[in-house]
Amino acid sequence: GAVVSQHPSWVICKSGTSVKIECRSLDFQATTMFWYRQFPKQSLMLMATSNEGSKATYEQGVEKDKFLINHASLTLSTLTVTSAHPEDSSFYICSASPGLGPYEQYFGPGTRLTVT
Amino acid sequence: GNSVTQMEGPVTLSEEAFLTINCTYTATGYPSLFWYVQYPGEGLQLLLKATKADDKGSNKGFEATYRKETTSFHLEKGSVQVSDSAVYFCALLTGNQFYFGTGTSLTVIP
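The model shown is predicted, which means the values in this text are computed figures rather than measured ones.

Caption draft 1: Structural view of the overall build of chain B. The helix and strand inventory of chain B stands at zero helices and 12 strands. Across chain B, helices and strands are ordered from the amino to the carboxyl terminus as β-β-β-β-β-β-β-β-β-β-β-β. Relative to a compact globule of 110 residues, whose C-alpha radius of gyration would be 13 Å, chain B shows 13 Å and is just as compact. With the C-alpha coordinates of chain B rotated into their principal frame, the extents come out at 45 × 25 × 20 Å.

Caption draft 2: Quick peek at the pairing of strand β8 (residues 62-65) of chain B. All names here are of chain B. As paired elements, strand β7 (residues 56-59) and β8 share four bridges and run antiparallel to each other. Bridge assignment links S58 to a residue of β8, and that residue is E63. As consecutive antiparallel partners, β7 and β8 are separated by two residues, and within that stretch K60 has a phi angle of approximately 55 degrees, a positive value.

Caption draft 3: Inspection of the state of the cysteines at higher detail. Considering all chains together, one arrives at two disulfides over all chains under this definition. With its sulfur 2.0 Å from that of its partner, C23 of chain A forms a disulfide with C94 of chain A. Because the torsion about its S-S bond is 75 degrees, the bridge between C23 of chain A and C94 of chain A counts as right-handed. With C23 of chain A in strand β3 (residues 19-25) and C94 of chain A in strand β9 (residues 90-97), the pair connects residues that are 71 residues apart, well separated along the chain. Across the pair, C94 of chain A and C23 of chain A agree in class, each one buried. What pairs with C23 of chain B in a disulfide is C90 of chain B, and their sulfur atoms sit 1.9 Å apart. On the S-S bond that ties C23 of chain B to C90 of chain B, the torsion sits near -70 degrees, and the link is left-handed. In this pair, C23 of chain B is assigned in strand β4 (residues 23-26) and C90 of chain B in strand β10 (residues 86-94), connecting sequence segments 67 residues apart. Here C23 of chain B falls in the buried class, since its relative accessible area comes to 1%. C90 of chain B gets classed as buried once you look at its relative accessible area, which sits at 0%. No disulfide involves C13 of chain A; its nearest neighbouring cysteine sulfur is the one of C94 of chain A, lying 18 Å away.

Thresholds, definitions, all that
- Residues numbered from 1 in each chain as written.
- Chains lettered and ligands numbered in written order.
- Predicted model: local features only at pLDDT ≥ 70, side-chain atom pairs only at ≥ 80, totals over all residues.
- Heavy atoms only, no water.
- Helix = DSSP H or I, 4+ residues; strand = E, 2+ residues; numbered from the N terminus.
- Rg over C-alpha atoms; globule rule 2.2 N^0.38 Å.
- Pairing = 2+ DSSP bridges.
- Disulfide = S-S within 2.5 Å.
- Buried < 20%, exposed > 50% of the residue type's maximum accessible area, 1.4 Å probe, protein only.

Take a look at the structure:
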């Protein structure tokens, strides 16, 4: 089946630094990738949608200058959390779709970010 | 607005017990409904889905029926196994966007 990987699986960084999370589709080309955020005991919340070669579309309330998304190729999308603060600590999940919409979506295992 | 509410966990069952995880939704339009499962260390995997009212999704012994009149999509399995231990997410798709529940952790003990 379709496999999506994320790297790193867990990262700790200091306040004020930036951290990059990678999302790769290993055995298919992902036209669209999605980034979600999950707080403990809460739902996955969609942060942004990105299509290869285009600027990401951010959901309302998500700071695009803080959460930089780059979908540079059909198999790789990156999320960079800039100037991280403790409130950015969360579980970040990406997913990838080979189609043009979210109906067929394959999820990565997630990245746990802790900002100290 | 659109939202999904599912029963809080964690749920602990003995092997071969009957499982129900409740899920209700609020949506505009006519959503599709999904159950995803997440095993430890892995990504969410689609377990089953239903695209219209009265459809029943089924997979691996799990079932859920799209009930428009009660806006529900409860997940059931007649006899759970230890290997079913995971986190289960109910979700709806409408307007080209997914909305997820908070997840329900299930632990099955031998």
